[in-house]
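Architecture and fold: a report
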Amino acid sequence: MNRRLLHVLGCVGVALVSMISLTGCVDDDGIWWDNPPYGWDDSFQDRRLTGYWKLVQANSDEVYDNETNYFYFNGNGSGYYYYLDNGYEERERLRYYCQDSNIGASNYQINIQYEYSSPLTTSYWFTHGNNTLWMQWQTGGGRVQTYVYDRVNGVDW
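Reading the values: the criteria
- Residues numbered from 1 in each chain as written.
- Predicted model: local features only at pLDDT ≥ 70, side-chain atom pairs only at ≥ 80, totals over all residues.
- Heavy atoms only, no water.
- Helix = DSSP H or I, 4+ residues; strand = E, 2+ residues; numbered from the N terminus.
- Buried < 20%, exposed > 50% of the residue type's maximum accessible area, 1.4 Å probe, protein only.
- Contact = heavy atoms within 4.5 Å.
- Areas by Shrake-Rupley, 256 points an atom, 1.4 Å probe, with all protein chains shown as cover.
- Polar contact = N/O pair within 3.5 Å; in protein donor to acceptor, adjacent residues only side chain to side chain.
- 1 Å grid on protein atoms, 1.4 Å probe; cavity = no way out; pocket = protein on both sides within 12 Å on 5 of 7 lines; lining within 4 Å.
- Points joined across faces, edges and corners; volume = space filled by probe spheres on them.
- Pairing = 2+ DSSP bridges.
- Core = buried A, V, L, I, M, F, W, Y, C linked by side-chain atoms within 4.5 Å.

On to the overall build of the protein, then. Each helix and strand in the protein was counted, giving two helices and nine strands. Counting helices and strands in the order they occur from the N terminus, the protein gives α-α-β-β-β-β-β-β-β-β-β. Burial status across the protein gives 32% buried among its 157 residues. Taking the intrachain contacts of the protein between residues at least 6 apart in sequence as the baseline, contacts between residues at least 24 apart amount to 42%. For the protein, the exposed area adds up to about 10200 Å²; of that, 51% sits on carbon and sulfur atoms.

All right, on to the environment of Gln45 then. For Gln45, the position within the fold is in the loop between helix 2 (30-34) and strand 1 (51-58). Under the relative-accessibility criterion, Gln45 is labelled partly exposed at 22%. At a separation of 3.2 Å, a polar atom in the side chain of Gln45 contacts the main-chain amide nitrogen of Gly77.

Let's shift gears to the layout of surface pockets. A volume near 170 Å³ is recorded for the largest pocket. Taken together, Ile103, Gly104, Ala105, Gln109, Thr121, Thr122, Ser123, Gln136, Trp137, Gln138 and Val144 make up the full set of residues lining the largest pocket. Taken together, the elements giving at least two residues each to the lining of the largest pocket come down to strand 7 (120-127) and strand 8 (132-138).

A few words now on the environment of Thr132. Position of Thr132 relative to the elements: it lies in strand 8. Judged by its relative accessible area of 7%, Thr132 is buried. Sequence-distant contacts of Thr132, defined by excluding residues within four places in its chain, comprise Trp53, Trp125, Phe126, Thr127, Val148, Tyr149 and Asp150. Only 3.2 Å separates the side chain of Thr132 from the side chain of His128, close enough to count as a polar contact.

Quick look at the pairing of strand 7 now. Consecutive side chains along a regular strand alternate between the two faces of the sheet. Sheet analysis places strand 6 (residues 108-114) next to strand 7, joined by four bridges and oriented antiparallel. For Asn111, the partnering residue across the bridge sits in strand 7 and is Thr121. The antiparallel pairing of strand 6 with strand 7 creates a hairpin that spans five residues between the two strands. Where strand 7 folds back onto strand 8 in an antiparallel hairpin, the turn is made up of four residues, including His128, whose phi is positive at roughly 55°.

Our next topic: the nonpolar core. In this structure, Leu49, Phe71, Phe73, Ile110, Ile112, Leu133 and Met135 are the most contacted members of the largest nonpolar core, which totals 22 residues. Secondary-structure elements contributing two or more residues to this core are strand 1, strand 3 (69-73), strand 4 (78-85), strand 5 (88-100), strand 6, strand 7 and strand 8. Once residues within four sequence positions are removed from consideration, Phe73 is found in contact with Leu49, Thr50, Gly51, Trp53, Ser78, Leu94, Tyr96, Ile110, Ile112, Leu133 and Met135.

Moving on, we come to unusual backbone geometry. At Asn86, a residue that is not glycine, the phi angle is positive and equals roughly 55°. For Asn86, the location among the structural elements is in the loop between strand 4 and strand 5. Judged by relative accessible area, which is 74%, Asn86 ranks as exposed.

Written out as C-alpha cells, the structure is:
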C-alpha cells in the first residue's frame, strides 16, 4: 500500500510542477503589445518603414559590420531589433508607432519600445527614394545623435 501511495503522490507532484511550469509560458505581451500606450492616440503606421534596415553611419562615422545593428519593421507596429553584444548576435522584439512632429529635424517622429532596452523617440526622414532612413534625437545630456540606416534584404547573420 505504501508503494502505491508513493506512486500516486509522485504523479500528483509531477502534475503540479507541470501545471506551474506551463502557466509560466503564458505570453505576457499584454496591453502594451496590442495597442499604443496612453497618449499615442494620434499615432499611425508609416509603410515606408516596412522592411529591414542596417545601420551604416552613426554621428557622421562609418559603422562597420562588426559594430552594426538592424531594425525590422513589419508595417503594422511590430518588429525586431538585431544587435551584437560582445560578439553574440542578439534579437529583441519591438513595437513602434509614428506621429506627426513639429520638433526635431523632420515632420515625423517614431516611438520605439524595445522588449529589453529603454524606449526611444526620434525624428526620422528618408532620402534616396525611401531607401535611406535617418533618425535623429537628443540625449538627456543635450547631445544630438544622428544615425543613418540603409534598406537591406535581411540581417547578415
